[in-house]
Amino acid sequence: MPETDLIWMTALVFLPAAFAAGLLLFPARWVEAMRWWALFGTAGTLSLSLCVVVGYYAMLDTRVDAGGQPRYAALSRLEARADQAASDAARGIPRYLADDWVTRRPWVDRFDIDYALGVDGISLSLAVLTTLVTFLAVVASWKIDTSVRGYLALILLLETGVLGAFLALDFFLFYVFYEVMLLPMYVLIGLWGGGRRRLAALKFVLYTLLGSVGILVALIGLYSADVRDFVDQEEVKRQAAILHRANPSLTEADALQKVEVHSFDFVTLGKAGRAVMLVLSGQESRLAVRAKPAEEPLPGDDTGPVKLFAPGANREEAIARLKAQPICTPAFQYLMFGLLFVGFAVKVPIVPLHSWLPDAHVEAPTPVSMILAGVLLKLGGYGLIRVAFPICPWAASELAWYVGLVGVVGIVYGALVAMGQTDFKKLLAYSSVSHMGFVVLGLAAWSAGSRAQYWAWGVNGALFQMLAHGITASALFFVVGVIYDRAHHRDLNRFGGLYEPMPLYSGLSAVLFFASMGLPGLCGFVGELWVMMAAWNFSPALAVPAVLSVILTAGYLLWAWQRVYFGTNPETRSFPELSAREAAVLVPFAVLAILLGVWPNVVMSWTEPSVTGWVANLAALRP
Amino acid sequence: MLDWFEAAPGRLYVVATLLPLGAFALLLVAGAVKNLCRPARQEGGRASSVYWLLGGDHPLRAGAYLATALMAVSAALAVGGLVWFLRDADQSGHAARWAERVEWVRVGPPAGPHDAPRPAAALELGYRIDHLSAILFAMVTVVGTLIFVFSLGYMADEAGQRVEDHEVDRQTPRPGHFARRGRYGRFFLYLSLFAFSMLNLLIADNLFQVFVGWELVGVCSFFLVGFFYERPSAARAANKAFIVNRVGDAGFLVGIFVAWSALGTLNIEELTRRVRPEANAGTLTRADPGSPAESARPIDRPGSDLLLYPAAAPAHRPGEPARPPEPDGSMPYTLFVLMGLGIFLGCVGKSAQIPLHTWLPDAMEGPTPVSALIHAATMVAAGVYLVGRAFPLFAPEVLLVIAYTGAATLFVSATIALVQTDIKRVLAYSTCSQLGYMMLALGVGGWVAGLLHLVTHAFFKALLFLGSGSVIHGCHHEQDLRKMGGLFGPMKVTALTMLVGVLAISGAPFFSGWYSKDQIIASALGYGLVHKEHVLLFLLPLVGAGLTGFYMFRLWFLAFAGRPRDEHVHHHAHESPRVMTLPLVVLAVFSVGVAWGSPPWDADASYLGHLLHDSEPAAADVPFAEEHHEAHEVHLVAGVAALVVALLGAGLAAAMYWRSVIDPAAIRNHVGGVYAFLRRKWYFDEVYDAAVVNPTVGLAFAAAAADKRPTDGPADAPPRRFDLLTLDGLLTAVGQLADTAGRGLRTVQTGRLRGYVVALALTVVLLLGMLWGLTSQASGGR
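What counts and what doesn't
- Residues numbered from 1 in each chain as written.
- Chains lettered and ligands numbered in written order.
- Predicted model: local features only at pLDDT ≥ 70, side-chain atom pairs only at ≥ 80, totals over all residues.
- Heavy atoms only, no water.
- Helix = DSSP H or I, 4+ residues; strand = E, 2+ residues; numbered from the N terminus.
- Rg over C-alpha atoms; globule rule 2.2 N^0.38 Å.
- Contact = heavy atoms within 4.5 Å.
- Areas by Shrake-Rupley, 256 points an atom, 1.4 Å probe, with all protein chains shown as cover.
- Lys, Arg positive; Asp, Glu negative; His and termini not counted.
- Charge placed at Lys NZ, Arg CZ, Asp CG, Glu CD.
- Buried < 20%, exposed > 50% of the residue type's maximum accessible area, 1.4 Å probe, protein only.
- Pairing = 2+ DSSP bridges.
- pLDDT = per-residue confidence, 0-100.
- Polar contact = N/O pair within 3.5 Å; in protein donor to acceptor, adjacent residues only side chain to side chain.
- Axes fitted to C-alpha atoms, helices over the stretch in contact; angles between N-to-C directions.
- Parallel < 35°, antiparallel > 145°, perpendicular 65-115°, else oblique.
- Left-handed = near helix turned anticlockwise from the far one by under 90°.
- Nonpolar A, V, L, I, M, F, W, Y, C, P; charged D, E, K, R; others polar.
- Phe/Tyr/Trp six-rings, centres within 6.5 Å; stacked < 30°, edge-to-face > 60°.
- Lys NZ or Arg CZ within 6 Å of the ring centre and 35° of its normal.
- 1 Å grid on protein atoms, 1.4 Å probe; cavity = no way out; pocket = protein on both sides within 12 Å on 5 of 7 lines; lining within 4 Å.
- Points joined across faces, edges and corners; volume = space filled by probe spheres on them.
- Salt bridge = Lys/Arg side-chain N within 4 Å of Asp/Glu carboxyl O.
- Patch = residues over 30% accessible without salt bridge, like charges linked within 9 Å, V, L, I, M, F, W, Y side chains within 5 Å.
- Core = buried A, V, L, I, M, F, W, Y, C linked by side-chain atoms within 4.5 Å.
- Buried area = accessible area lost by both parts, 1.4 Å probe.
- Disulfide = S-S within 2.5 Å.

Draft legend 1. View of the overall build of chain A. When helices and strands are tallied, chain A shows 24 helices and four strands. Expected size for 623 residues packed as a compact globule is a radius of gyration near 25 Å; at 24 Å, chain A falls within 12% of this value. Nonlocal contacts in chain A, meaning residues at least 24 apart in sequence, comprise 80% of its contacts between residues at least 6 apart. When the accessible surface of chain A is totalled, it reaches about 19,000 Å², and 66% of it is carbon and sulfur. Distance between charge centres in chain A, computed from 44 positive and 46 negative side chains, equals 5 Å.

Written as structure tokens, this is what we have:
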């Protein structure tokens with residue numbers, strides 16, 4: 001019998017795909033039924049994701065740390081849970097009733113590829129965002145009339161891809177899901193898009209593939225590393241036994257010496273990366289062997305030993321083995337980090353690799369734009385948090401300032417270019433570039449030692465900014481969609497006077513505009529403030545342009561506001577107010593924008609322990 | 001229930017703050033539901049009945065009454081709270097009873113009972129009531145209630161089903177008259193949100209929460225200035241107000257970040273203890289960078305460090321003398337100065353000080369009650385309040401900047417006010433100028449004087465604005481002073497109450513403005529006597545007092561005295577209804593007596609001033625002992641000088657605009673250049689447009705053009721031509737290169753066998769040749 005969390009998480013990932021398959025059974029004429037079916041499927045996925053949140057929170061809340069405090073127990077961190085699960089698996093300890101929200105099944109044994117899923121606050125919050133935005137996007141898709149079946153199936157398939165990428169703990173599995181979501185998006189833009197849709201879709205695919213190729217190279221490069229001292233020693237013995245059987249000329253002892261263990265596991269690769277960082281920064285003496293399968297540093301453990309090697313490993317041999325590998329060279333680390341960073345940063349997107357985004361947004365139909373802005377961009381930020389930074393911490397810390405600079409350039413450049421737009425949708429696309437720059441900046445604000453909590457603010461801010469941007473950007477793209485349905489153009493200079501005929505629409509838009517602008521009390525403010533607080537502590541030279549960008553942001557958004565909602569315009573005077581369906585999309589977004597802005601703890605209480613753990617792991621490496 | 005208040009009576013203030021928010025939420029939900037049901041209003045059914053239940057095509061009046069009632073309750077709570085606080089303030093340990101704080105968000109596990117608190121671990125929400133916040137809270141709620149009541153009458157037009165806005169027709173001429181639905185409820189919706197934000201700002205005990213209130217009042221101001229958003233001028237003014245304020249807010253953010261990063265907390269009390277511990281009598285301690293804390297000597301030169309002390313209150317054992325705390329860190333002094341400048345820049349924006357004052361006169365596009373509440377009495381005073389609140393965080397250098405900013409503002413705005421002809425713009429510039437007085441007072445250490453003026457000014461400026469609103473209402477939305485005159489006859493209550501306001505702002509004895517302005521001028525003189533090089537800080541406010549007398553009396557005479565200059569306006573002029581004149585009378589009473597003390601002829605005896613003195617920070621007291629002493633000595637001289645100058649100004653106004661002894665036109669012609677300069681408001685707007693706004697917008701369009709070429713037409717294929725002038729084109733060129741290369745190579749694949757054979761043969765020959773060359777080289781080498 002499989003573990004319960006395996007069932008939950010697998011169901012969460014594949015439920016949309018199952019519903020997509022179910023769509024094939026519908027007769028072609030039952031268009032309305034297909035819509036309801038898809039709506040039902042996304043609603044089910046949303047409910048499932050919330051169930052997982054409840055389960056995860058219960059796990060978090062029932063495990064207490066040494067001081068008796070819940071939620072911050074080191075053993076409830078993703079790394080600790082994964083280590084413990086791997087160790088149990090290697091020893092054959094049954095885990096039927098495990099409530100650790102980590103699961104691992106062999107998939108392609110020959111290449112050590114696992115079907116490994118797991119959640120922590122970082123991935124789960126983004127997964128909930130995904131299910132929510134997809135659900136509302138399906139509600140927003142009611143007006144799509146051409147090939148409804150294919151359209152809805154692709155949206156559902158896309159959701160499976162994204163959820164899989166967020167939940168995957170195995171690099172290869174992650175990569176598969178990452179590519180799975182590329183194709184539906186390509187088709188959705190290319191078939192249901194606007195006038196220049198084929199070019200936009202091509203651009204989207206080429207840019208993203210360019211990034212993916214980098215990630216693929218890094219994936220293979222990292223797989224080449226021998227991580228035998230970081231995985232459970234029972235696993236090493238098992239592989240040694242296999243080697244011995246395959247090659248009888250070796251004695252068992254020799255086999256044990258010679259065996260190499262390779263892994264796609266994020267947690268294991270992260271351990272190796274951290275060990276490399278200690279070696280490369282001359283802190284070899286801090287490397288230590290764990291006494292228990294799962295042990296994690298606490299915030300404030302800044303100068304003590306860093307227990308990275310698995311219990312039973314020989315510390316000296318392990319260090320010697322590590323240093324003999326190419327992974328332990330600066331060039332290799334820089335290369336890996338560069339490939340991963342560029343790969344994910346294309347998705348974020350960073351300047352100058354952002355060029356696909358405005359085209360894709362402008363051509364994509366409204367619901368696809370919502371998913372693109374609300375969810376797909378977050379995969380870039382998530383990749384940086386989950387993959388690039390923890391696996392190559394040394395290069396990340398060496399390059400932190402430049403990474404921050406990339407973020408700041410995005411913030412300022414995006415805001416400036418947004419100000420120069422006359423197309424409503426393009427303006428929003430560039431504002432996404434600007435807002436996502438805060439994510440990169442917050443991650444890069446690497447402060448260690450006694451100032452590590454400033455970095456924790458930055459990473460928390462980056463994550464919160466992703467959630468907030470997911471809400472405001474999706475909602476604003478829908479805002480444009482609503483007005484496009486009435487005016488059939490997106491030219492800012494030809495709108496005006498919408499407040500009078502459509503007061504409800506304008507009021508909801510106002511909430512979202514100001515949330516996007518970062519008004520206190522609304523969601524956009526929270527993340528930006530934390531990121532800037534961290535950035536100032538990290539480098540005032542990076543923080544000052546970010547602070548000044550709040551003026552630019554107010555400038556372009558209010559200018560757009562003035563041109564769309566203020567003034568008078570006979571052409572817009574008779575526009576009908578929001579329909580109930582349209583209101584049903586916008587109201588949840590507006591309510592969430594207010595809720596997250598007033599009470600960020602509604603997600604912070606379960607995302608923040610994961611982020612704190614993430615920061616504690618990395619900040620301890622640089623005293 | 002009562003126990004809950006007894007435990008921490010400050011909760012009264014929390015409730016009073018949240019009441020307007022409740023009104024806002026109710027009105028918001030009601031409005032949203034109504035508008036959602038509106039499309040179905042003709043169809044019958046449930047949605048339609050909800051629509052008609054909520055007022056139907058008319059705006060819902062009940063919402064406005066509800067908002068006003070809740071505001072009145074809030075005011076009653078505030079007054080009750082003030083009384084309670086004043087009775088409680090003599091008891092020991094009252095500070096702890098009137099303050100609470102909770103964590104809003106934190107990073108990392110909560111500190112255990114034995115752990116030292118980590119710096120910068122949590123952002124908090126909290127309140128702290130002292131004399132200053134209690135008095136200002138009462139002032140804001142009382143003035144706010146009066147203005148809510150006034151608005152019930154002033155905005156009555158908006159309660160109609162159809163409102164014609166002739167200003168829109170004038171600004172955007174189109175065939176037919178512009179008409180829209182009334183927005184009665186929406187006005188009170190915004191006003192309630194504003195009241196909540198402002199009160200939140202007042203009770204906040206930390207800079208973060210102040211910033212939250214700061215931005216929220218800004219957005220309310222945005223919507224209220226742009227209330228008549230069909231008028232392009234109003235839409236522009238709303239944007240300008242918000243964006244100019246954001247410039248200040250960016251500075252405020254920098255101040256917050258410095259405090260957060262260097263001092264590790266945002267709680268104002270803790271920040272004060274970090275830099276000016278009580279045992280050091282509120283002074284800053286500076287030391288050589290890197291020197292050990294024990295040997296820290298006070299030094300005073302650039303490049304030094306500021307010593308920091310523990311944020312926690314020192315533990316007192318009864319019977320033991322308080323020991324000076326040990327420093328536990330340091331920060332560069334220049335950073336401390338930067339922090340002060342940053343916070344002050346926020347105050348400059350909010351309080352419309354030079355150079356960020358340009359938004360306030362334009363903000364007069366909003367309805368007049370808004371101008372009275374937000375742009376005269378409360379929101380613009382928030383900057384002054386924050387300077388007073390964060391006073392210990394300002395280095396002496398920053399205080400000097402504050403003083404000069406205030407002095408420059410009070411003078412420049414007063415000169416502009418001399419020549420304005422729009423009744424509200426005169427008052428707007430007068431507001432800038434009076435706020436300048438307050439800033440100046442704070443900068444020269446006259447903490448009580450500045451904040452006393454804040455309170456008195458709130459009453460008489462609200463009175464003046466509401467009076468002007470009554471005039472505008474009575475004259476059917478005519479705001480031009482040149483078309484008024486002789487309105488005393490039809491509008492006696494308005495004229496008399498406004499006269500009270502004019503006397504109060506000019507500093508006539510026994511009116512509230514006299515007490516506060518007297519103290520300001522005395523503080524400035526005292527400062528000027530101690531620091532001879534800064535004598536300008538005394539001269540400018542003195543001249544300003546004369547200018548104030550002139551422009552205020554000019555306004556009053558132009559509006560109410562003399563003969564009607566426009567028969568049409570005069571003919572239709574009428575006194576406003578009771579609901580509007582009653583607030584005027586109440587405010588007039590406050591404008592006279594709010595600062596009285598015993599004896600009333602002693603400006604120093606103001607009771608309100610004494611109350612404010614109780615919350616004066618040590619930083620405004622000890623370091624300014626000498627200046628305060630001088631100010632006390634010369635109080636009478638300063639007062640007489642200010643009075644004489646103000647009388648001169650008022651007399652000149654009377655001679656020009658009442659008795660017509662002097663012809664204003666002649667003077668205007670005589671000094672045409674100066675007149676034009678003042679009419680153009682010192683060309684601030686023009687310079688900003690040319691130096692900041694247009695370059696930024698230009699840069700934005702240039703950036704947009706450099707980013708991507710606008711795509712016209714339906715061409716949906718990869719572009720053939722290279723475009724190396726845009727970022728997008730450059731990246732596309734990489735793809736195009738690959739594409740071109742592929743096309744080029746395709747021509748080689750002809751499919752003709754002969755060609756392939758030739759190529760094959762040539763390759764074989766070439767390879768053989770290379771092989772031969774290599775082997776011969778190798779053998780030759782051997």
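And the narrative resumes.
Draft legend 2. Summary view of the overall build of chain B. Counting its secondary structure elements, chain B contains 31 helices and seven strands. Overall, the C-alpha framework of chain B stretches about 120 × 80 × 70 Å when taken along its three principal axes. Across the 782 residues in chain B, those meeting the buried criterion constitute 56%. Of all intrachain contacts in chain B linking residues separated by at least 6 positions in sequence, the fraction that spans at least 24 positions is 76%. When the accessible surface of chain B is split by element, carbon and sulfur atoms take 66% of a total near 32,500 Å². Charged side chains in chain B number 59 positive and 61 negative. The centres of these two groups are separated by 11 Å.

Draft legend 3. A look at the sheet that holds strand E5 (residues 286-287) of chain B. Residue and element names in this part refer to chain B. The sheet built from three strands is open, its strands ordered E5-E6-E7 with antiparallel pairing. The open sheet has two edge strands, E5 and strand E7 (329-332), and neither has a second partner. Bridging between strand E6 (residues 305-308) and E7 involves four bridges; their strand directions are antiparallel. Counted as the bridge partner of Leu 306 is Met 331 from E7.

Draft legend 4. Quick peek at the confidence of the model for chain B. Scored by pLDDT, chain B has a mean of 87; 95% of the residues are at 70 or more. Scored as a complex, the prediction yields pTM 0.94 and ipTM 0.93.

Draft legend 5. Layout of the side chain of Thr494(B). By secondary structure assignment, the location of Thr494(B) is in helix H19 (residues 492-506). Here Ser470(B) takes part through its side chain, which lies 2.9 Å from a polar atom of the side chain of Thr494(B).

Draft legend 6. Local environment of the packing of helix H2 (residues 11-37) of chain B against helix H3 (residues 45-53) of chain B. All names here are of chain B. Running from N to C, H2 and H3 point in directions that differ by 130°, and their axes come no closer than 8 Å. Relative to H3, the element H2 is oriented oblique. As H2 packs across H3, the resulting crossing turns out to be left-handed. Contacts from Val 33, Lys 34 and Cys 37 of H2 reach H3 at Ala 47, Val 50 and Tyr 51. Split by residue class, the contact of H2 with H3 holds five nonpolar, no polar and one charged.

Draft legend 7. Examining the packing of aromatic side chains more closely. Scanning the entire structure with this criterion turns up 79 aromatic pairs over all chains. Judged by centre distance (5.6 Å) and plane angle (50°), the ring pair of Phe172(A) and Phe264(A) falls under tilted. In this pair, Phe172(A) sits in helix H6 (residues 171-180) while Phe264(A) sits in the loop between helix H10 (252-258) and helix H11 (266-280), placing the two residues 92 residues apart along the sequence. Using a relative accessible area of 26% as the deciding quantity, one classes Phe172(A) as partly exposed. Between Arg286(B) and the ring centre of Tyr333(B), over which it is positioned, the NZ or CZ distance is 3.5 Å.

Draft legend 8. Summary view of empty space enclosed by the protein. Residue and element names in this part refer to chain A. The full count for this structure, using the stated rule, is eleven cavities of 30 Å³ or more. Reported here for the largest cavity is a volume of approximately 150 Å³. Contributing to the lining of the largest cavity are 13 residues, with Glu 79, Phe 266, Val 267, Arg 386 and Pro 390 lying nearest its centre. Secondary-structure elements contributing two or more residues to the lining of the largest cavity are helix H3 (78-91), H11, helix H15 (366-391) and helix H24 (601-619). Ranked by residue count, the leading element in the lining of the largest cavity is H11, at five residues.

Draft legend 9. Spatial organisation of the side chain of Ser539(A). Residues and elements named next belong to chain A. By the element assignment, Ser 539 lies in the loop between helix H21 (523-538) and helix H22 (540-564). A residue is classified by how much of its surface remains accessible, and Ser 539, at 8% relative accessible area, is buried. Separated by 3.1 Å, the side chains of Ser 539 and Trp 401 make a polar contact.

Draft legend 10. Summary view of the pattern of salt bridges. Residues and elements named next belong to chain B. Taken as a whole, this structure holds 45 salt bridges over all chains when the rule is applied. The partner of Asp 362 in a salt bridge is Lys 240, with the nearest N and O atoms 2.9 Å apart. Residue Asp 362 is located in helix H13 (residues 359-362), and its partner Lys 240 is located in helix H10 (residues 232-263); the two are separated by 122 residues in the primary sequence. In this structure Asp 362 comes out as buried when scored by relative accessible area, which is 16%. Across the salt bridge formed by Arg 274 and Asp 328, the nearest N and O atoms sit 3.0 Å from each other. Pair noted here: Arg 274 is in helix H11 (residues 268-275) and Asp 328 is in the loop between E6 and E7, with a separation of 54 residues, a long-range link. Using a relative accessible area of 12% as the deciding quantity, one classes Arg 274 as buried. When its relative accessible area of 47% is taken as the criterion, Asp 328 is described as partly exposed.

Draft legend 11. Quick peek at a nonpolar patch on the surface. Taken together, the side chains of Leu183(A), Tyr186(A), Leu202(A) and Leu206(A) define a hydrophobic patch exposed on the protein surface, amounting to about 350 Å² of accessible area. Only helix H7 (182-192) and helix H8 (197-223) of chain A provide two or more residues apiece to the nonpolar patch.

Draft legend 12. Region of interest: the environment of Tyr309(B). Residue and element names in this part refer to chain B. Among the secondary structure elements, Tyr 309 is positioned in the loop between E6 and E7. What makes Tyr 309 buried here is its relative accessible area of 4%. Separated by 33 residues in sequence, Tyr 309 and Arg 276 have C-alpha atoms that sit 7.8 Å apart. When residues no more than four places from it in sequence are discounted, the contact partners of Tyr 309 are Arg 273, Arg 274, Val 275, Pro 277, Asn 280, Thr 285, Pro 325, Glu 326, Pro 327 and Asp 328.

Draft legend 13. Molecular detail of the nonpolar core. By size, the foremost hydrophobic cluster in this structure holds 487 residues, and its most contacted members are Phe171(A), Trp530(A) and Leu123(B). If you tally residues by element for this core, the top one is helix H19 (residues 452-487) of chain A, at 23 residues. If we ignore the near neighbours within four places in the chain, the residues touching Phe171(A) are Ile215(A), Leu219(A), Leu222(A), Phe264(A), Phe266(A), Leu269(A), Leu340(A) and Val387(A). Counting seven residues, the second largest nonpolar core, distinct from the first, contains Leu78(A), Ala85(A), Val102(A) and Ala116(A).

Draft legend 14. Main features of the confidence of the model for chain A. Averaged over every residue, the pLDDT of chain A is 91; the share at 70 or more is 99%. H10(A) is the least confidently modelled element of chain A, averaging 85 in pLDDT, while helix H4 (residues 121-140) of chain A averages 95, the highest of any element.

Draft legend 15. View of the interface of chain A and chain B. Contact residues are listed per partner, giving 78 residues for chain A and 76 residues for chain B. Here chain A and chain B share an interface that buries about 6,500 Å² over both sides, 67% of which is from carbon and sulfur atoms. The largest share of the area that chain A buries against chain B comes from Arg196(A), Glu500(A) and Trp536(A), three residues that together contribute 10% of it. Put simply, Lys203(A) and Asp728(B) hold a salt bridge, and the shortest N to O gap is 2.7 Å. On the surface where chain A and chain B come into contact, there are 27 residue pairs in polar contact (both at pLDDT 80 or more). Across the side of chain A that touches chain B, the residue classes tally to 49 nonpolar, 18 polar and eleven charged.

Draft legend 16. Structural context of the state of the cysteines. Using the criterion set out here, one finds zero disulfides over all chains in the structure. Take Cys392(A): it sits in no disulfide, and the sulfur closest to it among the cysteines is that of Cys328(A), at 12 Å. The structure places no disulfide on Cys220(B), whose sulfur is separated from the nearest cysteine sulfur, that of Cys523(A), by 18 Å. On the basis of relative accessibility, which here comes to 2%, the residue Cys220(B) falls in the buried class.

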